[in-house]
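Descriptive structure summary
So the chains spell out like this:
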Amino acid sequence: AGFIKSPLSQKRLTQDSVELYCEAIGNPIPEIQWWFEGNEPNETYAQLWDGARQDRVKINATYNLHSTSTIYIANLTSDDSGMYECRASNDPDRNHLSKSPKVKWIRSQANVFVIERPDIKAHVTGVSGKLILTCNMTAPYPAIEGHEWMHGDKILQTDTESSSFTSYTIEGKMEEHSGVYECVYKGSPVIKGQVNISVSPQVMAYKKSEHGNEGDTGVLTCKNPSFPPVGSWVWYKNGQEVSAPIINGSGRYIIKSSGNKTELRILKLNIEEDTGDYHCNATNSYGFGGATVNLRVRSRLAALWPFLGIVAEVLVLVTIIFIYEKRRKPDEVLD
C-alpha cells in the first residue's frame, strides 16, 4: 500500500515552497518514486529526481521497516503547478526497461496550484502622534476572508472584511514602536505583506553606572531594542577622540558584539586608568545612536573600611568608658 500524507490539493504563491509526504508499506520494503504531470494538454508524467529544476527539488527517503519519502520544492513558479504522483513498488523488475513488473506500481496523487503572487503596497504614515500602517493588495488576487495584523507572534488586530485595503493604528512615536509588522490576508492561500517601521539605533545602557573592584574584570553592556539591527558597534572612553575607538583585543580590552547587543570587558581593573565614562555607539542604515556607562573602580580594601570603622567606634567607646570609670569618685561605704 502507498499513500500521500498531505492535502490532496494545495494552493501556493509563487516564491513560496511546498512539501509532500508519502509512505508505503510492504514486504520486501517497496521503493518510492516521485512523478509529475503538468497542466499542459500534451504533457505526460516525468520522474522527479533530487536536485531537479535547478536544484529547487529536494527528495529525502528512508527505508526502515517501511518506506517514507518527502519531496520539497522551493521558490515555486507557475510551471510547478500540476499533479504530483507518489509511486511505490517492491517488484524486482520494477525498473526493468523491457520486462513488465508482476506487481504494478501503487500510485497516490496530490494536485498543486501555484498562483501568481499579488503585489502589496505597504506604507507608514505619522499623523498627530500616531502611526498609521496600511497595506493595499493589487488585483488579481484570490478571495479574501479577513485580515490580521501581527508583530512577531503577537496578533494585534483581526477582522473578517473582504477588502484589499487594511490598516492598523499605533499610538506613539516611531522610535517607541520600530520593528517588522505583517498584514495578513486570510484565505486560500494566505497572503502576507510586510510593513517596516525603521529608525536609527535607540541605544540603551544595561546599567548607567557599573562598579568593579580593583584587579577584577569590569563588564559594560549596551543594547539596541529598535529596528533595523545594528550594523556596527564602537566603544570609546571619555576624553578620547571618537576617531580613536577602543580596539578589540588591545591592551586589557575585549569587545563582544552580536546583533543588537555589545559588551566591553576590561581585565584587571585599575583605579587610576579605568575609572570614568565609556560610550557605546551604534550604526545602522538609518543613522547612529549611543549611550554612556559610568565605571567606578573600588580598592580591594574598600570592603574592609566599614568593618574597620565599626572596630574603631568600639575601641573609642571602650576607652571612654574606661576613662570615666577611672575618674569617677568611689561610692560611699554604706553603714
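Residues numbered from 1 in each chain as written. Predicted model: local features only at pLDDT ≥ 70, side-chain atom pairs only at ≥ 80, totals over all residues. Heavy atoms only, no water.

In this section: the overall build of the protein chain. Of regular secondary structure, the protein chain possesses three helices and 24 strands. Radius of gyration (C-alpha) of the protein chain: 36 Å, far over the 20 Å computed for a compact globule of 335 residues. Dimensions of the protein chain, computed from C-alpha atoms along their principal axes, come out at roughly 135 × 60 × 60 Å. By residue count, 35% of the 335 residues in the protein chain fall in the buried class. Looking at the protein chain alone, contacts between residues at least 24 apart form 60% of all its contacts between residues at least 6 apart. On the protein chain, roughly 20,700 Å² of surface is accessible, and the fraction owed to carbon and sulfur atoms is 53%. (Helix = DSSP H or I, 4+ residues; strand = E, 2+ residues; numbered from the N terminus. Rg over C-alpha atoms; globule rule 2.2 N^0.38 Å. Buried < 20%, exposed > 50% of the residue type's maximum accessible area, 1.4 Å probe, protein only. Contact = heavy atoms within 4.5 Å. Areas by Shrake-Rupley, 256 points an atom, 1.4 Å probe, with all protein chains shown as cover.)

So, about the UniProt feature "domain: Ig-like" (unreviewed entry) in the protein chain. Sequence positions flagged by UniProt for "domain: Ig-like" (unreviewed entry) are, in local numbering, residues 16–104, 118–198 and 201–298. Helix and strand shares over residues 118–198 are 0% and 62% respectively, and the end C-alpha atoms of the span are 24 Å apart. (UniProt positions renumbered as here; feature names shortened; annotations may be inferred.)

The sheet built from four strands is open, its strands ordered β17-β19-β22-β21 with antiparallel pairing. Edge positions in the sheet fall to β17 (204–205) and β21 (253–258), since each has one partner strand and no second. Pairing analysis gives two bridges linking β17 to strand β19 (residues 218–223), with the strands arranged antiparallel. What sits directly across from methionine 204, in β19, is lysine 223. (Pairing = 2+ DSSP bridges.)

Moving on, we get to the state of the cysteines. Counting across every chain of the model gives three disulfides. Each sulfur in the disulfide pair cysteine 135 and cysteine 183 lies 2.1 Å from the other. Disulfide cysteine 135 to cysteine 183: torsion about the S-S bond roughly -85 degrees, handedness left-handed. Of the two residues, cysteine 135 is situated in strand β11 (residues 130–137) and cysteine 183 in strand β15 (residues 179–186); the sequence distance between them amounts to 48 residues. (Disulfide = S-S within 2.5 Å.)

Turning our attention to the packing of aromatic side chains. One pass over the full model with this rule turns up two aromatic pairs. When the ring of phenylalanine 36 is compared with that of tyrosine 84, the centres are 4.7 Å apart and the planes differ by 45 degrees; the resulting orientation is tilted. One end of the pair, phenylalanine 36, is in strand β4 (residues 31–38); the other, tyrosine 84, is in strand β8 (residues 82–89), with 48 residues separating them in the sequence. Overall, the relative accessible area of 0% leaves tyrosine 84 in the buried class. Judged by centre distance (6.2 Å) and plane angle (25 degrees), the ring pair of tryptophan 149 and tyrosine 168 falls under stacked. On the criterion of sequence distance, the pair formed by tryptophan 149 in strand β12 (residues 146–151) and tyrosine 168 in strand β14 (residues 165–171) is long-range, its members being 19 residues apart. A cation over an aromatic ring shows up here: arginine 53 above the ring of phenylalanine 36, its NZ or CZ 4.3 Å from the ring centre. Across the ring face of tyrosine 45, the terminal group of arginine 87 is positioned such that the distance to the ring centre comes to 5.5 Å. (Phe/Tyr/Trp six-rings, centres within 6.5 Å; stacked < 30°, edge-to-face > 60°. Lys NZ or Arg CZ within 6 Å of the ring centre and 35° of its normal.)

Quick look at the side chain of threonine 262 now. With respect to the helices, strands and loops of the structure, threonine 262 is situated in strand β22 (residues 261–266). The class of threonine 262 is buried, set by a relative accessible area of 0%. Here tryptophan 235 takes part through its side chain, which lies 3.0 Å from a polar atom of the side chain of threonine 262. One polar contact links threonine 262 to serine 257, side chain to side chain, over a distance of 2.8 Å. Once you skip the residues sitting within four places of it in the chain, threonine 262 turns out to touch Leu220, Thr221, Cys222, Trp233, Trp235, Ile255, Lys256, Ser257 and Cys280. (Polar contact = N/O pair within 3.5 Å; in protein donor to acceptor, adjacent residues only side chain to side chain.)

Next up on the list: the environment of asparagine 60. Here asparagine 60 is to be found in strand β6 (residues 57–64). By relative accessible area, asparagine 60 is classed as exposed at 57%. Along the backbone, asparagine 60 and aspartate 50 are ten residues apart, and their C-alpha atoms lie at a distance of 7.9 Å. The contacts of asparagine 60, once residues within four sequence positions are left out, are Thr68, Ser69 and Thr70.

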